[in-house]
Amino acid sequence: MQTTNANEEVNYLEYKGKYSGIWGWIFSTDHKRIGLLYLYSIAIMFVVGAFLGLAMKLELIAPGKTIMNAATYNATFTVHGVIMIFMIVIPGLPAVFGNFLMPIMIGAKDVAFPKLNLLSWWLYVAGVLLILTALLFGPGVPDTGWTFYAPYSFKTGTNLLPAIFGAFVLGFSSILTGLNFLVTIHRLRAPGMKWLKLPLFVWTLYGTAWIQLLATPVVGITLVLVSLERVFGIGVFDPVLGGDPVLYQHLFWIYSHPAVYIMILPAMGAISEIIPTFAQKGIFGYKALIISTMAIAFVGYLVWGHHMYTAGMSGTAQYYFSLLTFFVAIPSAIKVFNWISTMYKGSIKLDTPFYWAASFIFVFMIGGLTGLVLGALATNIYVHDTAFVVAHFHFIVFGGVGFSFFGAIHYWYPKIFGKMYDKYWANVGWIVFFIGFMTLYTPMFYLGMQGMPRRYYDYLEEFHGGNILSTFGSWIMITGLVIIITNLIRSARKGEKAGINPWGGKTLEWRVPSPPPLENWDEIPVIGEEESKYF
Amino acid sequence: MYNTEVTQASNFVEGVDFAFLLILGISFFFLIALTAAMVFFIIKYNAKKHPKPKEIHGSNTLEIVWTVIPFLLTLLMFYYGWIGWSPMTKPPKDSMEVTVYGRMWNFLFEYENGRKSDTLFLPKGQPVKLNLVALDVLHSLYIPAFRVKQDMVPGKEDNFMWFEPQKEGTYEIFCAEYCGLQHSYMYSWAKVLEDSTFQSWYQDTTQVVAAIESPTAAGKRIMQNIGCFACHTLDGSKLVGPSFKGIYGTTRTVKTGREKREIVADDAYIINSIYDPASDVVDGYSKGLMLSYEGQLSDEDIGLIIEYLKTVK
Ligand SMILES: [Cu+2]
Ligand SMILES: [Cu+2]
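Bear in mind that the values here come from a model prediction, so they are computed numbers and not experimental data.

## Some details on the overall build of chain A
In terms of helices and strands, chain A carries 17 helices and two strands. The C-alpha atoms of chain A give a radius of gyration of 23 Å, which matches the 24 Å a tight globule of 535 residues would have. Summarising its shape, the C-alpha atoms of chain A cover approximately 70 × 50 × 45 Å along the three principal directions. Across the 535 residues that make up chain A, the buried fraction comes to 68%. Taking the contacts inside chain A whose residues are at least 6 apart along the sequence as the reference set, 82% of them involve residues at least 24 apart. Total accessible area on chain A is roughly 17700 Å²; 69% of this is exposed by carbon and sulfur atoms. Seen as two clouds, the 31 positive and the 25 negative side-chain charges of chain A have centres 5 Å apart.

Given below as structure tokens:
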């Protein structure tokens, strides 16, 4: 295979093209460099977002003022939410690992449209800058929450229009990535790489790409409507002008709910790669996992109303949204059953990526099962807009996507950087993070059931206990995070050299050198009929 | 209708809690069973003990089993969620009606006889229908003990919630929808009383109370009830709006349209500040935060407020 002449080729990290230094990166159309550009931009934003979260938790350690006033607190959770959702978890895995690995995994030299791919990253950066300037240099404090609900968002003088424009630019970046991936997966598969041989991570990127393409334009529509209202005074959302604030919520969630699946599907895909590698056997239920991916992508469009049960929709609408929400839970359950079955009779090697994957399954189950409480009408009325919801979506978005992201980085790190990290510290980081995560978010379920609403700067004494525990958890979690990140950064320089296939992975990326050469393959691989279709 | 031994705070508690317990029960079962299976496999099939993996590519029977069983369970959970909720949409005809005004950042409850209160007094065993009116932005009326919540949407007509309180006591009312700076201070209490106690409170109209109070005390009580102090302080510190400390009779700098001018805070100015806050906006504060109280406060009410403001030194 490829391995013999590996050392003579220039790898993508060392390659010197037309431009040098940083220009060689930000003008590079190499999918691997673009993947890393995303990784670095997302990592920077993540540090900011996590710091804001930590500050919020510290404020909530006791009733009354602890470290900041109400206005600062409201601004903090708004910026925290906007950064975490729009700039980190939505681009998240597809932008980083999808870009870096998908072409290699299907045996291609790059994505179908490399220049468009670079444009996506530029748009991402532009969107981030636009939103941040809109938030930080607006006429008023940004204090609307990441949902920007009308009519409050129109009243506070926050720069709503530029912020939505920024979200639109980010959305455009997302659409272009989706389009690029769709075409790449359709057209650039290596000979013999049939659809039913594609790695499951690629399949989830495929499902995600369709959502990106079809759901994201709604942000554009919202932008147009908000502009019509702001600029021409046509009443769409603002009741003062005769508009309907609930319409805004519909449009917001028609995009933002499928966006949850944009986040979680690739996360599930990465888990479907990690588990078989460390169980040293093929995945259990390959086709079932594909079908469930596509089912989630499809039904995920139709359930946005479960964010609005208390907003006063018609009874029939409530009924259908609730029923469909329950249905969308089934494919996720199927995935969990198949992952666990993959471990059955395997030969399990306990390494850092596997710890992340197994703990992913655990926290994802908690997130998913509490989602049932929120999907059912009666119980939703009770805990909607309380700390329960905050706990639920942190279990899905941070527990699900976050754990998978950390699993993926520990899994593909030797491939991406050609170095192996310190496994001892990586494991320590994982267990500390996991304990911190559980301590931070579990009490919030309880607080929600006690009736504590979300987005509360101050609270009554009866909520004190749960909040202390939660804040305490945030300190443990941040310690874990520091260990993990320090270890990864340090190992990029000091780590031992990693071989081509340190984990014994079966997918194609483990056949190219680490780090991969500029064009991935000197010769496009041919996938033989006899090769396992259960990558 | 109700024969349960334990009296619940409201008629919805049983339905909601049953759905909750059912879903939590199913959830815990799966969480524990699946986690146990996973941990068991990880230990049993550890590479050290089990060096040769056995390829198993899947099983259609199992896929069908674990599609059908969750499907049936979701139908069950959906069903109980739905029947716990659907009575919430159908208020009985004989309900007592109370109109709730939500504004930044307080609730005001207005009864059929015109009695107004910042606390929701309710007779036990009597169905109540709350008509929800939001005056500025979204709010959400949430009484955790009663298991009810409904968003208050500005401009939305015929927006209501109902319940029947079944147990005497004092229960928290929160605003659950984020509504700006003082969102976490937008809470009140529901006091469920024996019918006779409630009636004596209910018949006791504002005027009667006002007459026995001094005008300044009455003014302060009105302001407390309607929530002026969510934005204004008495001690000179700035909140959302300027402090009332020493306001009466001093010269204020205001913006009228684009023009800045000086104006003395006399009766006319205060009346205008309350009925039309947008016309003269105090310098350094933003327009649109304080909304008009026209229709909420009568001229007499404002007269009492002015009497009170004169005393705030
Ligand atoms: Cu409110
Ligand atoms: Cu509120």
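And the narrative resumes.
## Let's talk about the environment of Thr386 of chain A
Mapping Thr386 of chain A onto the fold places it in the loop between helix 14 (377-383) and helix 15 (387-417). Thr386 of chain A gets classed as buried once you look at its relative accessible area, which sits at 0%. For Thr386 of chain A and Arg455 of chain A, which are 69 residues apart along the polypeptide, the C-alpha to C-alpha distance reads 8.3 Å. For Thr386 of chain A, the residues in contact, after removing those within four places along its chain, are Gly448, Met452, Pro453 and Arg454 of chain A together with Tyr142 and Lys149 of chain B.

## A word on the coordination of the copper ion (ligand 1)
Residue and element names in this part refer to chain B. Bound to the copper ion (ligand 1) on the protein side are His139 (ND1), Cys175 (SG), Cys179 (SG) and Met186 (SD), at distances that span 1.9 to 2.8 Å. Each donor residue of the copper ion (ligand 1) lies on the same chain, and together they follow the pattern H-x35-C-x3-C-x6-M. Here the copper ion (ligand 1) and the copper ion (ligand 2) are spaced 2.5 Å apart, linked through Cys175, which binds each one. Here Cys175 lies in strand 9 (residues 169-175) and His139 lies in strand 6 (residues 139-143), a separation of 36 residues in the sequence. With a relative accessible area of 0%, His139 lands in the buried category. According to the relative accessible area criterion, Cys175 is buried, its value standing at 0%.

## Some remarks on the domain arrangement of chain B
All names here are of chain B. For chain B, the assigned domains read domain 1 (13-47 + 59-89), domain 2 (96-207) and domain 3 (212-311). Centre-to-centre, using C-alpha coordinates, domain 1 lies 36 Å away from domain 2. On the side of domain 2, five residues touch domain 1, which itself brings six residues to the contact. Together, the buried faces of domain 1 and domain 2 total about 460 Å²; carbon and sulfur atoms form 53% of this surface. Here domain 1 and domain 2 share one salt bridge between them. Its salt-bridge partner being Asp17, residue Arg147 comes within 2.7 Å of it at the nearest N-O pair. Run the count over domain 1 and domain 2 and you get two residue pairs in polar contact (both at pLDDT 80 or more). Residues of the side of domain 1 that touches domain 2, tallied by class, amount to four nonpolar, one polar and one charged.

So, how was this worked out
All chains use their own residue numbering, which begins from 1 and follows the written sequence. Going through the entries in the order they are written, you letter the chains from A and number the ligands from 1. In keeping with the model being predicted, local features are shown solely for residues with a pLDDT of at least 70 and side-chain atom pairs are shown and tallied solely at 80 or more, while totals for entire chains, interfaces and linings include all residues. Calculated side-chain values reflect all of the structure's heavy atoms, with hydrogen atoms and water omitted. The helix count covers DSSP runs of H or I at least four residues long, the strand count covers runs of E at least two residues long, and both are numbered beginning at the N terminus. Every radius of gyration here is taken over C-alpha atoms, with the globule rule written as 2.2 Å times N^0.38, N being the number of residues. To sort residues, take the accessible area from a 1.4 Å probe on protein chains only and compare it with the maximum for the residue type: under 20% means buried, over 50% means exposed, and anything in between is partly exposed. Two residues qualify as a contact provided that any one of their heavy atoms is within 4.5 Å of a heavy atom in the partner residue. A 1.4 Å probe and the Shrake-Rupley method give the accessible areas. Residues count as covered only by the protein chains that appear here. In this tally, Asp and Glu contribute negative charge and Lys and Arg positive charge; neither His nor the terminal groups of the chain are included. Charge positions are represented by NZ for Lys, CZ for Arg, CG for Asp and CD for Glu. The rule for donors is simple: an N, O or S atom within 2.8 Å of the metal counts, and for Na, K and Ca the reach is 3.2 Å. Water is not among the atoms, so a site may look short of donors. What marks off one domain from the next here is an automatic or database domain assignment. Note on terms: buried area is the combined drop in 1.4 Å-probe accessible area of two parts once they are placed together, counting the loss on both. Whenever Lys or Arg places a side-chain nitrogen within 4 Å of a carboxyl oxygen from Asp or Glu, that contact is recorded as a salt bridge. Under this definition, polar contacts are N or O atom pairs within 3.5 Å; protein pairs additionally need one hydrogen-donor-capable and one acceptor-capable atom, and for neighbouring residues in sequence, both atoms have to be side-chain atoms. Amino acids outside the nonpolar list (Ala, Val, Leu, Ile, Met, Phe, Trp, Tyr, Cys, Pro) and the charged list (Asp, Glu, Lys, Arg) are all regarded as polar, and Gly is one of them.

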